[in-house]
Each structure stands twice: as C-alpha cells, then as structure tokens.
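# Structural characterization, general
Below are the chains, spelled out letter by letter.
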Amino acid sequence: MGLPALEFSDCCLDSPQFRERLKSHEAELEKTNKFIKELIKDGKSLIAALKNLSSAKRKFADSLNDFKFRCIGDAETDDEICIAKSLQEFAAVLRNLEDERMRMIENASEVLITPLEKFRKEQIGAAKEAKKKYDKETEKYCGVLEKHLNLSSKKKESQLQEADSQVDLVRQHFYEVSLEYVFKVQEVQERKMFEFVEPLLAFLQGLFTFYHHGYELAKDFSDFKTELTISIQNTRNRFEGTRSEVESLMKKMKENPHEHKNISPYTMEGYLYVQEKRHFGTSWVKHYCTYQSDSKRITMVPFDQKSGGKGGEDEAIILKSCTRRKTDSIEKRFCFDVEAVDRPGVITMQALSEEDRRLWMEAMDGREPVYNSNKDNQSEGTAQLDNMGFSIVKKCIHAVETRGINEQGLYRIVGVNSRVQKLLSILMDPKTAETEDDICAEWEIKTITSALKTYLRMLPGPLMMYQFQRSFIKAAKLENQESRLSEIHSLVHRLPEKNRHMLHLLMNHLANVAKNHKQNLMTVANLGVVFGPTLMRPQEETVAAIMDIKFQNIVVEILIENHEKVFNIVPDTQQSNSQLLLSRKRSTDSKPPSCSERPLTLFHTVQTNEKQENRNSIINSSLESVISSNINSFLRSNSTPQSNMNSSDPDLEVFKPNRPNSLPQNPSPTSPLSPSWPMFSAPSSPMPTSSTSSDSSPISSPLRKARALYACKAEHDSELSFTAGTIFDNVHPSQEPGWLEGTLNGKTGLIPENYVEFL
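Residues numbered from 1 in each chain as written. Predicted model: local features only at pLDDT ≥ 70, side-chain atom pairs only at ≥ 80, totals over all residues. Heavy atoms only, no water.

Looking at an unreviewed UniProt entry, one finds the chain named Rho GTPase-activating protein 26, with Eublepharis macularius as its source organism.

Quick look at the structure:
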C-alpha cells in the first residue's frame, strides 16, 4: 500500500485527514533516515572488512612467493620446475586480484558512503528543518487565532480591524510555510527513488568489475593451470614408481645390512672414542675419524650426534703404527693404540665393536680395504648382442606392428610370465629360429611385448651401457632443450655399433607406437616410463639412482621424439664446451661416484651353496626337463664356437657364444651368459606379471607385492575391488586360471592377473 498524496489545497483547510496523511509521510522519512544511517554504518564496516581481507590475502601471497621448493637430486625435471614456480604464479594472481580489490575499496567510499551521507544530510535533514518551521508556525497561528477570537466585541472598531488584519497575515504566512513543507516532503519522497538507490548500483557495479577482473585472471591462468595439473599428475606417477623402488631398497638394507657400504675416498671411516688426558684425569671424546692408506693420514673430527655439533677443532696425524690393546691392559673394550709420526705419545682409541676394531686394524695395517669387495667391473657394461638377438627383437617388433599396434596399454599391460618364458625359449632355440621367420598368431600381443622387454633386461648389461649411465642422466638434467638433445645425440653415437643399431631399431618402433597413441593410449611419456628402467639402469642400487629414474624416462622420451635426427645424422665434429668436458672425463665416468652422490649402495655377494639350493627349489619340473634335454649342447657350445652364427649383415659379423636351447637353471654370477638382472628375480624396473594360467609355470611364485595398473570392480564376493595404483600384499597364484590371490586391507581375494604388475 503506497503513501497517500498530499494536496496543496489541503494545506489551507489543515483538516485532521490532512494531518494524518502528513504524519504517514513523516514516519516514512524517519524510517528512511534510520535505514540510511544503519546502511552507512554497515558499509563502512564492509569496507574495513574488505581492507582486512585484502591485507590477509596479500600476506598469504607474500608467504607463497617467499617459499622455494628444493627437490631431491642435483637437477629438476620440467614438471618439477613447473611445480616449483607454481607458488610464485599463485602469489602473482592473488596480488593482481588484491590490487583490483583495493581500487574497488577506494571507490566504494566515493560512490556509496559519500552520496548516502549527502542525501541524508541535505534532503532528509532539510525536510526535518522544514517540519520544525511548520510546527512552529502552526503553534503561532493557533495561538494568534485563539487570542483573536477572545477579543471582546465592545472593542473599538479600529482595534478590531487591526486584529483582523494581523490574523490574516499570520494565516497567510502559515499557509505558505505549510505549502513549502508539503512540497519538501514530497520532493524527498521522490528523490530517494534515485538518489538513494543510485549509489548502491554504483557500488554493485564496482563489485561486478572486481569479479569480472577475477574471471579474466582465471582465463589467463587457465593455460598454466592445465600445464601444472599435468605436471602434478606426472610427478605423482613418478612418485608411485620410485616409492616402491626405494621401499624395496630399504627392505634389502634391513635384510642384509652387512652388504651395504658407502663408496668413499677413504680406506676406513667411522666413529671412534679417543682417550684424552685432562688435568682432573682422563675422558673419552667421540670423534668421526677417517683414514687414507696411501698417505697414512688420520683425520679426527670431534662430533656428538646428541649435541648436534662439533665439539672442537679438527686434527690430522700421520700414522706410524697401530697396536691392539689387550683387555687386561685397559678397562674399556675394543681399544687399540695409534702412534703418529708428527705427534709424540700414544693415542688410545675405542671402536664401537669387536668387528669394527678388526676393520680399523686391518685398514691401518695396509691390508686390502673392505670396500674393495665391491665389484665395479666396467667391462660388464657392454651388451653382448648377436644375430639371434637382432632376429628376436625384429620378430617381436614385426608382430606388434602388424597385429597389435592399436591395442590399449601396449607394453604397459604385461603378459603371463609362464607364457612369456615359453615364448622366449622358443625364440632363443637355434633350431626354431632358423625355421620360423615370424611369431605365430597364437601368441597374444601382451606376451610378445613382455618377451621383448624381458629379453632386453636379460642382456649382460643395459642396452645404453653402464659407463654411459651417468652421462645420459647429466644430459637429461640440462635446462635447455637443445642442449639435452645435443648431448644425448653425441652420447648415442659413442655407443658400440651393435648397441646403437639395436637402439635405433627399438626407437623407430616406439615412435610408430606413439603415433597411434589415440588408439593404444601409449604416449611418448608413457613409453618413457615403461622403457626408461629397461634400457638404462645403474650398476648399483642406491636411493639417488632410484630418484634418477625420472631422468632415464626423459632420455627415452627425447630419443623417441627425435629418433630420425639422433640416429640418421652424425653429430658435428666440433664439440661444445660441455661435450668437450664429457670427452675429457670419459675415463672418469667409469670411476665410482662420490659418497654424496650415491649415499646408499647395495653390494651383491656370491650366493652360498645353501642359497643356491633354495633357489633351485623354485624351479619346477617343466624347466628341469628342458634344461636336461639341452645341457649337453649348451656345454659343447661353450667349448666350441659354431661357424654358422655369423650373418650376412656385415655390421654384425663378429664371433659370439652360442645360445643354449633354454636358460641355465642356475647361472653363475660371474658367468658371461648370466644376465645382470636374473631372469626369475624381481628387478627394479617393471617385469611381466607372474601368474598362473593353463600353461605350466616355470616358477613356483613366492608371496610378493603387486601394484594395480587399472581399476576393477568386484563382481563376486571372492574378488577384490580396487583403484589404479592400489598396492596388494602376499600376492601369489590362485587355483583359478587367469587370477592371482592377494591381500588388501586385511581382506584376501582374487585379482585379475593382467590388472597388476609385481613390485
């Protein structure tokens, strides 16, 4: 219901109805005045809150900008670089947004608060002043009128006429004031429709401008957001892969702590307690000591892990002699005396155990250091590739490209291990190799791809060779893309000719696979993840080496993307500075890395007879029968070379030992036919999944961990539901063909064999 109109003609009558209508207008003005006053107060509070919010967001942005990621290793991948700079990008977006917010806040006072205060003071305030004047004139008029009406009629006529004229003047003035008041009241009621609402509209327009600026920022940020999302996913995938490797290495360290040693420039190093004489007696101070047998130099650094710092200055002495202390000559255990050339007297030291004292004594007596038990034979890095090897790889590639180039998960989905081993036995049999040109169609593509990967891992060393491992990793860590390609290009042409030809053959094939990634879902990045650990691997398992797996993948990606240039164009003879450094350091590449580069090392010792017997027990009767039927030919092949092994290919006309019809049951660790990754052990790179099938499995699979490659929803109570990346415990063959049995969150059930890979 709207307000009643105020007629000017009613001002003269000044009726009760007119007064009631006027009161309703006055009440509305008072209500509007209170509302505007409260709105101004809330608006100021909102502006203050926005300022506080902007200040808090700026502080948050500054914190993001100041933080810097530090990744493990001496170089970062492109994904890690993208993630590292993401915080600065976030901070820049927030600052840009807050700059626009501050502009909105500064305008808010001008477009909202000031106009509302002006309307309240000038318009509503003027109406209030007009009301006061109207009330005053009303009181005056009524008083004059009452006084005039009380005049006696007996007054003189002149006095009565004067009184009448005075009343008329007062009435006329009251009437004018009444008209002005009614006009002002109606004017304010009309003005508030635009002068009150217009500032609010302007304020909302400022808000919309601010939010639109945020929308534009979001559009500009979209490309980086997409790139960052991909980098995060790639980094998460690499983490899942390296985490299992690090965890496996940690378990090996727990199980065989004595096989772990640091590759160090020192003959011996470790903590010793050194006896020091004080004025109040003697004390034993903990030192970290190092000894070099060549210079006979002993360095002692006082250090206590509990206090977390050095307890004094370093001291170095030249060893003269070392004598074991007998137990009855001193109260402490595990002690020995050291005499120095450049220091008088005897220094008594206490080792941490009897074994530790023995090692120190042996080192200081000039015996062979313990770490020399590590076999770092670089000659094992050259892969022994022959005609049959090229034939096997070409057959597998031809089968994949003609029959299964579009299969989803190509090379990522692994085949049944028993069938993979059976196919390899057929391919490696010289009789079948000569009679069969292609792989039969009965073999599944996943079996063929797994056989190809397994064959490459069975070589005595990785295809890209141990001695070039560190050089390839360094090349992948270069910041410039062209520098990476140039270094890798040069390194590839330093590989032996057979290795380079095999790598060329493989990269051409993987490039064809990547061209069909829309069908097989195997992009260059996915192929790098699969073949990085297969084509490259360090000679020793360390945490640092596991962290470098991501750079191995990058090397393979570069080779796939640039295979035509890398293999068909010989690199320039003029080397860049970095290439010259690489060539000058070629001899040093074969040296063991420093302790800081490779902090944890796993040394493989020769198996004892008991371990060999345990290993023999896992070989089933089917493999034994194959071996027994071919063992004689295998022994003859090792003693007498065959003349028909050489191919017509001039690049491959070199003598190589014959291959047996099947793999030896227990290859010697030092045998040239023994692969660096045993055929039936779990290497650090993904191997074909071991499972049961209708074929007789050559191995009785032990309990192992496995990771899900794809998600699966159980259709029966006996099956397990899981997502991609899920880790299963106690995985072993089940009685159901094509299924494994494993444990997830305490529940044991069936798992499809083709959905997992063993860790």
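So that's the structure; there's more coming.
## Some details on the pattern of salt bridges
Going through the model one piece at a time under the given rule, you end up with 25 salt bridges. Two residues, R324 and E354, come together in a salt bridge whose shortest N-O distance is 3.4 Å. One end of the pair, R324, is in strand β5 (residues 315-324); the other, E354, is in helix α6 (residues 354-364), with 30 residues separating them in the sequence. Across the salt bridge formed by D729 and K705, the nearest N and O atoms sit 2.4 Å from each other. Here K705 lies in strand β8 (residues 704-708) and D729 lies in strand β9 (residues 727-733), a separation of 24 residues in the sequence. Residue classification places D729 among the partly exposed positions, given a relative accessible area of 30%. (Salt bridge = Lys/Arg side-chain N within 4 Å of Asp/Glu carboxyl O. Helix = DSSP H or I, 4+ residues; strand = E, 2+ residues; numbered from the N terminus. Buried < 20%, exposed > 50% of the residue type's maximum accessible area, 1.4 Å probe, protein only.)

## Observations regarding the nonpolar core
General note: in soluble globular proteins, nonpolar side chains tend to be found buried as a group. Counting 65 residues, the largest nonpolar core has L503 and L535 as its most contacted members. Ignoring anything within four residues of it in the chain, the contact list for L503 reads L463, M464, V492, L495, L535, L559 and F567. Counting 34 residues, the second-largest nonpolar core is a separate cluster that includes L29, I47, A127 and A130. (Core = buried A, V, L, I, M, F, W, Y, C linked by side-chain atoms within 4.5 Å. Contact = heavy atoms within 4.5 Å.)

## So, unusual backbone geometry
Positive phi outside glycine occurs at K296, with the angle close to 55°. Mapped onto the fold, K296 is located in the loop between β2 (281-292) and β3 (297-304). A positive phi is found at N730, a non-glycine position, where the angle reads about 55°. Looking at the element boundaries, N730 is found in strand β9.

## Overview of the sheet that holds strand β12 (residues 756-758)
If you walk across this open sheet you meet the five strands as β11-β10-β9-β8-β12, and the pairing is antiparallel. The sheet terminates laterally at β11 (747-752) and β12, the two strands that pair on one side only. Between one strand axis and the next, the sheet turns by 45° as a mean value, whatever way the strands run. (Pairing = 2+ DSSP bridges. Axes fitted to C-alpha atoms, helices over the stretch in contact; angles between N-to-C directions.)

## A short note on the packing of aromatic side chains
What the rule picks out here adds up to eleven aromatic pairs. Judged by centre distance (5.9 Å) and plane angle (20°), the rings of Y134 and F174 are stacked. You can see Y134 sitting in helix α4 (residues 86-149) and its partner F174 sitting in helix α5 (residues 157-255), a full 40 residues away along the chain. Summarising the burial analysis for this pair, Y134 and F174 share the class buried. With centroids separated by 5.3 Å and ring planes inclined at 55°, the aromatic side chains of F210 and Y211 adopt a geometry described as tilted. Take F210: its relative accessible area is 4%, and that puts it in the buried class. Here the aromatic residues Y134, Y141, F174 and Y181 are joined through ring pairs into a cluster of three or more. The ring centre of Y271 lies 4.8 Å from the NZ or CZ of K286, which sits over that ring. (Phe/Tyr/Trp six-rings, centres within 6.5 Å; stacked < 30°, edge-to-face > 60°. Lys NZ or Arg CZ within 6 Å of the ring centre and 35° of its normal.)

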